[in-house]
Amino acid sequence: MSNASGIESVAVVGAGLMGSGIAESVAVAGFPVVLRDVDEVSVGRARDRIESSFTRAVAGGKLDAGQAGLARERIELTTDLEAIAGADLVIEAVPENLDLKLEVMRAIDRAAEDDCVIGSNTSSIPIAELAQAVHVPERVLGLHFFAPVPVMRLVEIVVALDTSASTLTRATAFVEELGKSAIETKDRSGFIVNMLLIPYLMAAVRMYAEGFASREDIDAGMKLGCGHPMGPLTLCDFIGLDVVYAISDSLVEEFKAHEYAPPPLLKRMVASGRLGRKSGRGFYEYE
Ligand code: CAA
């Protein structure tokens with residue numbers, strides 16, 4: 001093995017926004033990657049998403065056309081879960097639903113090699129719980145990426161009760177090999193970033209729900225006043241209101257503290273399918 005992590009090939013299970021972004025970053029860093037989803041429609045969407053991201057990266061001068069072409073060739077899109085066998089690292093990135101994630105972890109455990117590292121991209125489910133679905137929980141840890149993955153440099157490494165020192169060392173080295181920065185956190189709801197981000201986002205939603213200020217002014221306040229790239233309501237739409245709601249709910253469940261509670265408006269928006277950018281409407285409307 002030539003690199004410090006000993007990871008030479010990767011598989012990502014779940015080809016949504018996060019999974020396809022993770023696979024793209026892995027391929028750009030030079031690793032072959034299998035990206036798996038359940039059906040051809042999901043796989044096709046992932047292909048389009050990755051393609052338009054490569055176009056953006058080339059337009060922005062981040063990659064030249066040759067590098068983008070080589071990275072594209074390193075990505076194998078598939079619906080076959082058996083294709084993950086042989087990967088040194090498998091990253092689970094399916095939707096944020098406990099039963100689904102447990103089922104996928106069990107399937108990964110059956111299909112993958114015994115010595116591979118298994119990372120979950122969950123933002124709200126205890127890694128300890130997911131690790132129990134795998135027969136060697138020492139190999140499991142959280143690898144929490146940020147959207148848009150090809151642009152955001154951070155990965156939170158979540159160390160669960162059973163995670164072994166060698167799993168942590170390999171995963172940390174791998175994040176560096178990806179050209180990203182790792183921060184280490186314990187297995188506690190919110191980790192580091194969402195523990196800080198979610199109370200801020202919930203405060204913005206409450207401010208809007210109470211009619212204290214317009215959505216535009218709340219966003220402009222933080223964008224222009226504090227230099228954030230996006231205002232909080234635009235950021236909620238970007239992350240997905242269902243995802244924000246799930247993280248918020250998991251923080252309330254974990255800490256029983258009001259400051260994390262999702263305001264009633266957020267629950268109603270999720271119930272009515274206003275999930276943000278991905279569904280065409282959230283706090284704002286999208287094409
Ligand atoms: N690949 C590589 N680079 C890319 C790219 C791609 N596909 N797309 C864009 N870029 C680069 C651009 O070239 C540009 O680089 P420079 O600044 O060096 O010129 C930079 O990324 C910004 O891109 P754009 O100028 O095209 O776009 P923008 O200015 O509208 O920024 C944004 C878009 C990066 C999304 C920015 O608005 C942003 O940073 N928003 C905040 C995102 C954020 O907070 N994410 C975290 C969400 S929380 C989460 O994910 C975790 C969770 O658990 C909820």
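Residues numbered from 1 in each chain as written. Predicted model: local features only at pLDDT ≥ 70, side-chain atom pairs only at ≥ 80, totals over all residues. Heavy atoms only, no water.

Visitor: An account of the layout of surface pockets is requested, with residue identities and associated values reported.
Guide: Taken as a whole, the second largest pocket encloses approximately 300 Å³ of empty space. If one sorts the elements of the lining of the second largest pocket by residue count, helix α10 (residues 241–255) sits on top with five residues. In terms of residue class, the lining of the second largest pocket is built from four nonpolar, four polar and five charged. When residues are assigned to domains, the lining of the second largest pocket turns out to be shared by domain 1 (10–186) and domain 2 (194–278), each giving three or more. (1 Å grid on protein atoms, 1.4 Å probe; cavity = no way out; pocket = protein on both sides within 12 Å on 5 of 7 lines; lining within 4 Å. Points joined across faces, edges and corners; volume = space filled by probe spheres on them. Helix = DSSP H or I, 4+ residues; strand = E, 2+ residues; numbered from the N terminus. Nonpolar A, V, L, I, M, F, W, Y, C, P; charged D, E, K, R; others polar. Domains from an automatic or database assignment.)

Visitor: Quick one: what's the story with the packing of aromatic side chains, residue by residue and with numbers?
Guide: Going through the model one piece at a time under the given rule, you end up with three aromatic pairs. Ring geometry for Y208 versus F283: centroids 5.6 Å apart, planes at 85°, classification edge-to-face. Of the two residues, Y208 is situated in helix α7 (residues 193–209) and F283 in the segment after α11 (264–271); the sequence distance between them amounts to 75 residues. A relative accessible area of 28% means that Y208 is categorised as partly exposed. Ring centres 5.8 Å apart and planes at 50° place the aromatic pair F255 and Y260 in the tilted group. (Phe/Tyr/Trp six-rings, centres within 6.5 Å; stacked < 30°, edge-to-face > 60°. Buried < 20%, exposed > 50% of the residue type's maximum accessible area, 1.4 Å probe, protein only.)

Visitor: How would you explain the site of the ligand if you had to name every residue and give the values?
Guide: Among the 20 residues in the neighbourhood of the ligand, the closest are listed as S53, R56, K62, H144 and A147. Backbone polar atom of A147 to a nitrogen atom of the ligand: 2.6 Å apart, as the coordinates give it. Coverage of the ligand by the protein amounts to 66% of the 1,100 Å² it exposes when considered alone. Sorting the residues of the shell around the ligand by element identifies α2 (40–59), α7 and α9 (232–239) as the ones contributing at least two each. Broken down by element, the shell around the ligand gets its largest block of residues, three residues, from α2. Viewed by domain, the shell around the ligand spans two of them, domain 1 (10–186) and domain 2 (194–278), each represented by three or more residues. (Near = heavy atom within 4 Å. Polar contact = N/O pair within 3.5 Å; in protein donor to acceptor, adjacent residues only side chain to side chain. Areas by Shrake-Rupley, 256 points an atom, 1.4 Å probe, with all protein chains shown as cover.)

Visitor: Just give me the short version of the domain arrangement of the protein, but keep the residues and values in it.
Guide: For the protein, the assigned domains are domain 1 (10–186) and domain 2 (194–278). Placing a centre on the C-alpha atoms of domain 1 and another on those of domain 2 gives a separation of 26 Å. Listed as interface residues are six residues of domain 1 and, on the opposing side, six residues of domain 2. Where domain 1 abuts domain 2, roughly 490 Å² becomes buried across the two surfaces, and 63% of that area is made up of carbon and sulfur atoms. Viewed at the interface, domain 2 and domain 1 are joined by zero residue pairs in polar contact (both at pLDDT 80 or more). Among the residues forming the side of domain 1 that touches domain 2, the class breakdown is two nonpolar, three polar and one charged. (Contact = heavy atoms within 4.5 Å. Buried area = accessible area lost by both parts, 1.4 Å probe.)

Visitor: Summarise α2; cite the residues concerned and give the values.
Guide: Taking 1.5 Å of rise per residue, the 20 residues of α2 would be expected to cover 28 Å, and the 28 Å separating its terminal C-alpha atoms lies within 8% of that figure. Those residues of α2 not exposed but buried are S42, V43, A46, I50, S53, F54 and A57. Take α2 and look down its axis: the buried residues cluster within an arc of 110°, on one side only. Across from the buried face of α2, at angles greater than 90 degrees, the exposed residues are E40, V41, R45, D48, T55, R56 and A59. Structurally, α2 contributes buried residues whose contacts are with α1 (17–28), β2 (33–36), α3 (65–74) and β3 (75–78). A positive phi of about 75° marks G61, the residue just after α2. (Expected span 1.5 Å × (residues − 1). Arc of directions from axis to C-beta.)

Visitor: Help me get a handle on the sheet that holds strand β5 (residues 117–120), residues and values and all.
Guide: Two orientations exist for strands paired in a sheet by backbone hydrogen bonds: parallel and antiparallel. One open sheet accounts for eight strands, arranged β3-β2-β1-β4-β5-β6-β7-β8; its pairing is mixed. Single-partner strands in this sheet number two, and they are β3 and β8 (181–186). The sheet shows a mean angle of 25° between the axes of neighbouring strands, taken without regard to direction. (Pairing = 2+ DSSP bridges. Axes fitted to C-alpha atoms, helices over the stretch in contact; angles between N-to-C directions.)

Visitor: Now, about unusual backbone geometry: what can you tell me, with residues and values included?
Guide: With an omega of -5°, the peptide bond between A147 and P148 qualifies as cis. By the element assignment, P148 lies in the loop between β6 (140–145) and β7 (154–159). Backbone geometry places F191, a non-glycine residue, at a positive phi of 50°. Here F191 is to be found in the loop between β8 and α7. Positive phi outside glycine occurs at K256, with the angle close to 50°. Relative to the helices and strands, K256 is located in the loop between α10 and α11.

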